[in-house]
Amino acid sequence: MSFASNLELAWPTAIHAKSALPTPPPITCLRSPKNPHQKIIKRVIALEGDFIKTLGYKNRYLKVPDGHFWIEGDHHGHSLDSNSFGPVSLGLVHGRASHIIWPPNRWQRIEPSLPPERRPLLNWQAHTNEEGEED
């Protein structure tokens, strides 16, 4: 058996969709929106209600719809992620990657971090009061 030299395997932890998105955003395991037989691991960039600047999606700026989130790979331009297929349904989430386990020299805990340039521009829900009116 041989492995590609750039292959990394991560240890997923099963979670329920509603608890899948704590702060800071985690590395999330989910079914691919393009191929339901494929599982992918991506970084959560924005949650429902967040406004983001996309990296090549059809709309340059986007508000993430309710029940969805925005994911991106760490290798921009070489990753099939929300910039290719748009916001992703929370129902596709099945876990969170917590550790890199392959190759052995890369064993480590994955810290949930978000590059500063990829932070949401605004969270609409945080800027409205309980009646849904703007502050």
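Just above, that's the structure.
Parameters and conventions
Residues numbered from 1 in each chain as written. Predicted model: local features only at pLDDT ≥ 70, side-chain atom pairs only at ≥ 80, totals over all residues. Heavy atoms only, no water. Phe/Tyr/Trp six-rings, centres within 6.5 Å; stacked < 30°, edge-to-face > 60°. Helix = DSSP H or I, 4+ residues; strand = E, 2+ residues; numbered from the N terminus. Buried < 20%, exposed > 50% of the residue type's maximum accessible area, 1.4 Å probe, protein only. Pairing = 2+ DSSP bridges.

Asker: When you look at the packing of aromatic side chains in this model, what are you seeing that I'm missing?
Answerer: For any pair of aromatic rings, the description rests on two quantities: the centre-to-centre distance and the angle between the ring planes. Taken as a whole and judged by the stated rule, the model has one aromatic pair. Plain terms: the ring middles of Y57 and W70 are 5.4 Å apart, the flat faces sit at 80° to each other, and that makes the pair edge-to-face. Within this pair, whereas Y57 is found in the loop between β4 (50-53) and β5 (61-63), its partner W70 is found in strand β6 (residues 68-72), the two being separated by 13 residues in sequence. Since its relative accessible area comes to 16%, Y57 is described here as buried.

Asker: Any chance you could explain the pairing of strand β2 (residues 27-31) here in plain terms?
Answerer: β2 sits mainly inside the fold: four of its five residues count as buried. Across five bridges, the pairing between β2 and strand β3 (residues 39-46) is antiparallel. Bridge pairing links T28 to K42 in β3. In this structure, β2 lies alongside strand β8 (residues 93-102), joined through three bridges in antiparallel fashion.

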